[in-house]
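Each chain, letter by letter, is given below.
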Amino acid sequence: VSALLNEVDTIRVEQLGGKVYKNSFATFGENASLPLDSMVCSKFFLGVDGFDPEFGITTSTIEETLLSRKMMAASSKTIVIADSSKFGHHGFGRITSIDEVDVIITDSDISPEMVEIIEEAGIELITV
């Protein structure tokens, strides 16, 4: 994704270092999170393993959870990207409550009940 975005003249790409997950190419660890202490970002696009009204926004590992929290703190807007199968489920690591999310992008198979919960929470919902 970074390589594709880098081809767009109006987008500036900053890539974090750190350890790399082999299956997702996500980076984590102290080397990934240190630069965030001196950054201010306009948007943070967050892929998640679960979106549950009770448990909140979750992922599968603690390392991803900690890095995601730091990225949220460094960003003006948090945008969750999740297919409809993630809603009503939760992973191991809790990133935040749903009220800390600004926008959700998902597919059109999201349940009407979940749409209602998202709208009541004041979160902008975009279905594609």
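Residues numbered from 1 in each chain as written. Predicted model: local features only at pLDDT ≥ 70, side-chain atom pairs only at ≥ 80, totals over all residues. Heavy atoms only, no water.

## Focus on the sheet that holds strand β6 (residues 75–81)
Alright, step 1. Across the sheet, which stays open at both edges, the 4 strands sit in the order β3-β6-β8-β9 with parallel pairing between neighbours. With partners counted over all chains shown, the strands left at the sheet margins are β3 (41–47) and β9 (124–127), one partner each. With strand direction ignored, the average angle separating the axes of adjacent strands in the sheet is 20°.
Alright, step 2. Summarising the sheet, β3 and β6 pair through 6 bridges and their orientation is parallel. Its bridge partner being in β6, Phe 44 is matched across the sheet by Thr 78. (Pairing = 2+ DSSP bridges. Helix = DSSP H or I, 4+ residues; strand = E, 2+ residues; numbered from the N terminus. Axes fitted to C-alpha atoms, helices over the stretch in contact; angles between N-to-C directions.)

## Some details on the confidence of the model for the chain
Alright, step 1. Here the chain averages 90 in pLDDT, while 98% of its residues score no lower than 70.
Alright, step 2. The weakest mean pLDDT in the chain belongs to strand β2 (residues 27–28) at 74; the strongest belongs to strand β8 (residues 103–106) at 98. (pLDDT = per-residue confidence, 0-100.)

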